[in-house]
Amino acid sequence: MFTGIIEEIGEITAIAPAGDGWRLTVRAPKAAADAVHGESIAVSGVCLTVVGSTADTFDTDVMKQTLDVAAIGGASVGTRVNIEKAMPVGARLGGHIVQGHVDGVGAVLEVRPGEQWSVLRISLPSDLAPLVVDKGSISVDGTSLTVSAVSEPAAPDAWFEVSLIPETLVATTLGTRAVGDRVNLETDVLARHVERLLAFRETATEGGSR
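Residue numbers here run from 1 along each chain, matching the order of that chain's written sequence. A pLDDT threshold of at least 70 governs which residues receive local features in this predicted model, and a stricter bar of 80 or more applies before side-chain atom pairs are shown or counted, although totals over entire chains, interfaces and linings include all residues. Hydrogen atoms and water are omitted, and side-chain values are computed over all heavy atoms in the structure.

Undergrad: For this particular structure, what's the right way to read the sheet that holds strand 4 (residues 46–53)?
TA: Where strands meet in a sheet, backbone hydrogen bonds hold them as pairs that are either parallel or antiparallel. Two strands form a pair only when DSSP identifies at least two bridges running between them. In DSSP terms, a helix is any run of H or I states spanning at least four residues, a strand is any run of E spanning at least two, and both are numbered starting from the N terminus. Taken in spatial order, the six strands of this closed barrel run 1-2-5-4-3-6, and their pairing is antiparallel. Direction aside, neighbouring strands of the sheet carry axes that sit 45° apart on average. Here strand 2 (residues 21–27) runs beside strand 5 (residues 57–62); their pairing, made up of six bridges, is antiparallel. Residue pairing for strand 5: Val 26 is matched across the bridge by Phe 58. Each axis is a line fitted through C-alpha atoms, and for a helix only the stretch in contact is used; angles between axes span 0 to 180 degrees, taken between their N-to-C directions.

Written out as structure tokens, the structure is:
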């Protein structure tokens, strides 16, 4: 379990084929300093398991399914990534509940820089659109953010916006995002549970009306 509060920006230093997946080496001195074999670390919002480490790097395996559904599948040596270690029991929940389970990938549609703030407009897969609400929480590349605007339900192409404060621009990779960049999206876990519950209730209602 994570909070979406990024602890450092890491860098992918090696990618090696591992069956139909990858083994990644990530340089992240803070995370690697006390990394333990088997622990979870979120890499740009993807929950991955540590399989080895040095003083400033850790290794992790990425399965094919993750490469297929997450933006990390397009990463290369030198790609910068957001790093967060799992939240310890009893810690403050500074962001929101983030599982590290990517729901889909969006693309940056627009970057509107201001004197201090920057606004990103990001495309939203149609199946995720009902789960994203204005002023709700969303994880973008593992970063806990508040939705500042969202497209209308009838819009042909769904999108949402997030407003980034100076700290977020400096402390995460989002400060260097440009139009066309792909980002990992994780919607609010409570919204996903409600959607699933309603789907079962609708199925039961339809079955009972026959």
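Next comes the rest of the description.
Undergrad: Quick question: what am I supposed to make of the sheet that holds strand 8 (residues 118–123) here?
TA: Sheet architecture is closed into a barrel: six strands sit in the order 7-8-11-10-9-12, paired in antiparallel fashion. Averaged over neighbouring strand pairs, the angle between their axes works out to 45° when direction is ignored.

Undergrad: In this structure, what is going on with the pattern of salt bridges? I would like to understand it.
TA: When charged atoms on two side chains of opposite charge get close, those side chains can pair. For this document, the term salt bridge refers to a Lys or Arg side-chain nitrogen within 4 Å of an Asp or Glu carboxyl oxygen. Inspection of every chain in the model, using the stated rule, returns 12 salt bridges. In this structure, Lys 85 engages Asp 34 in a salt bridge whose closest nitrogen and oxygen atoms are separated by 2.6 Å. A residue pair is termed long-range when its members are at least 10 positions apart, and Lys 85 in strand 6 (residues 80–85) and Asp 34 in the loop between helix 1 (29–33) and strand 3 (40–43) qualify at 51 residues. A 1.4 Å probe rolled over the protein chains alone gives each residue an accessible area, and that area as a share of the maximum for its type sets the label: buried under 20%, exposed over 50%, partly exposed in between. Of the residues examined, Lys 85 reaches a relative accessible area of 14% and is grouped as buried. Between Arg 177 and Asp 141 there is a salt bridge, with its nearest N and O atoms 2.5 Å apart. Residue Arg 177 is located in the loop between helix 3 (166–171) and strand 12 (182–186), and its partner Asp 141 is located in the loop between strand 9 (137–140) and strand 10 (143–150); the two are separated by 36 residues in the primary sequence. By sharing partners, the salt bridges in this structure join Glu 110, Arg 112, Arg 121 and Glu 161 into a single network.

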